[in-house]
Amino acid sequence: MSSWKITAFAPRAVIEGALLRHEDAFDWDPDIVFSGSEIAEDKPDDWQLEAWLPRKPNNQDRAAIAGLFTGQPPRFSQQKLPDVDWLTHSQQGLEPIRAGRFYVHTPEHPPLDEPGVRDFCISASQAFGTGQHATTAGCLEMLGEMKARGVVVRNCADIGTGTGLLAFAALQLWPHTLATASDIDAVCLDVVDDNARANGIPMGARLGELTMLVADGMEHPLLQARGPYDLVIANILAGPLIDLAPHFAKSMVPGGHLLLAGLLETQEKGVRRACRRAGLRIAERLVNGDWSILWLRKRSTV
């Protein structure tokens, strides 16, 4: 099967707008995968949009991508990618990261073995969340900050877990918690199970074990039955975070903690507004690159 890439160059605001409209396109072809990024560090307003397809793009594909732009779309270029094992290739390009109390690496790199630092070995896979992305790394740092400030977690949920990494980190920090992880993508079931086995994370339904399930947001009977939660983690996208804010708040204990990521700094205002309406107040924030990571708390009385 051949792989192709479509590339477009435009100002940051134009590319971000296209990415936002892609989030809202619920009938989008899942075979077309998107990414937006700056071209160079010294040109923060010059961005590129890249779309990967498992086939040669046809007129319908190009029209769908063009439809994400308001007004005249930028010029597209397309290229056939070489026949490469992209999973292996991507693993080779992922350098280890240090994020607070955690060190995350792929199997190609050795553990850090530093006292007080937890090593996690996460293979590049179909699931999001290897730790290299700024949002995942930022969440790891914020979880460590929560622990340092005396936050106690007895019951946590990681929504949109991907590889399971953030749920693993929560269990490392609060080893006696009742932990639940979920993702809308069923492929994550096996991914999380494999990663848990590789990192010594026990799977199960008891305290100190991780329960993994497939769910759309908070819509799962077991996810609802295991609440309310002291800590909810959601590293997904700005649109779903806004929609899910009241559901997150409903699932949390008074004074509970919510860790949100996956939103650009330019999207933070909308996410915070939705959370404020749901009775959640900001406790701390950090910005990692273009991405905001938010720690919020549920008011004792809403």
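Keep in mind that what you see is a predicted model, and the values were worked out from it rather than measured.

(A) Fine view of the sheet that holds strand E8 (residues 155-159). Spatially, the seven strands line up as an open sheet ordered E10-E9-E8-E11-E12-E14-E13, and their pairing is mixed. Either end of the sheet is taken by a strand with one partner, and the two such strands are strand E10 (210-214) and strand E13 (280-288). Shown here is a sheet whose adjacent strand axes are inclined to one another by a mean of 15°, direction ignored. Docked against the sheet, helix H8 (residues 238-250) engages E8, strand E11 (229-235), strand E12 (252-264), E13 and strand E14 (291-298), running at close to 175° with respect to E12.

(B) Structural context of the packing of helix H4 (residues 134-148) against helix H5 (residues 165-173). Where H4 contacts H5, the two axes come as close as 10 Å, and the packing angle between them is 15°. As judged from the angle between their axes, H4 and H5 are roughly parallel. The two elements H4 and H5 cross, and the hand of that crossing is right-handed. Contact with H4, carried on its side by Thr136, Cys139, Leu140, Leu143, Gly144 and Lys147, involves Leu165, Leu166, Ala169, Ala170 and Leu173 of H5 and no other residues of that element. For the contact of H4 with H5, the class distribution of residues is eight nonpolar, two polar and one charged.

(C) Just the packing of aromatic side chains, in detail. Using the criterion set out here, one finds three aromatic pairs in the structure. Look at phenylalanine 102 and phenylalanine 120: their rings are 5.8 Å apart centre to centre, the planes differ by 25°, and that puts the pair in the stacked class. Residue phenylalanine 102 is found in strand E6 (residues 102-105), and its partner phenylalanine 120 is found in strand E7 (residues 118-121); the two are separated by 18 residues along the sequence. Centre to centre, the rings of phenylalanine 120 and phenylalanine 168 are 6.2 Å apart; their planes meet at 40°, and the pair counts as tilted. Taken together, the residues phenylalanine 120 in strand E7 and phenylalanine 168 in helix H5 connect sequence positions 48 residues apart. The same class applies to phenylalanine 120 as to phenylalanine 168, namely buried. Put simply, the rings of Phe102, Phe120 and Phe168 pair up and form one aromatic cluster.

(D) Representation of the sheet that holds strand E4 (residues 76-80). Spatially, the four strands line up as an open sheet ordered E2-E3-E1-E4, and their pairing is antiparallel. Lying at the two open borders of the sheet, with one neighbouring strand each, are strand E2 (33-40) and E4. In this sheet, neighbouring strand axes are inclined to one another by 25° on average, regardless of whether the strands run parallel or antiparallel. Where E2 lies against strand E3 (residues 43-53), seven bridges are found, and the strand directions are antiparallel. Along E3, the bridge assignment pairs valine 33 with tryptophan 52. Contacts between helix H1 (residues 12-23) and the sheet are confined to strand E1 (4-11), E2 and E3, with E3 contributing the most and set at about 35° to the helix. Set on the sheet, helix H2 (residues 59-66) makes contact with E1, E2, E3 and E4; between it and E4 the angle comes to about 135°.

What counts and how
- Residues numbered from 1 in each chain as written.
- Predicted model: local features only at pLDDT ≥ 70, side-chain atom pairs only at ≥ 80, totals over all residues.
- Heavy atoms only, no water.
- Pairing = 2+ DSSP bridges.
- Helix = DSSP H or I, 4+ residues; strand = E, 2+ residues; numbered from the N terminus.
- Axes fitted to C-alpha atoms, helices over the stretch in contact; angles between N-to-C directions.
- Contact = heavy atoms within 4.5 Å.
- Parallel < 35°, antiparallel > 145°, perpendicular 65-115°, else oblique.
- Left-handed = near helix turned anticlockwise from the far one by under 90°.
- Nonpolar A, V, L, I, M, F, W, Y, C, P; charged D, E, K, R; others polar.
- Phe/Tyr/Trp six-rings, centres within 6.5 Å; stacked < 30°, edge-to-face > 60°.
- Buried < 20%, exposed > 50% of the residue type's maximum accessible area, 1.4 Å probe, protein only.

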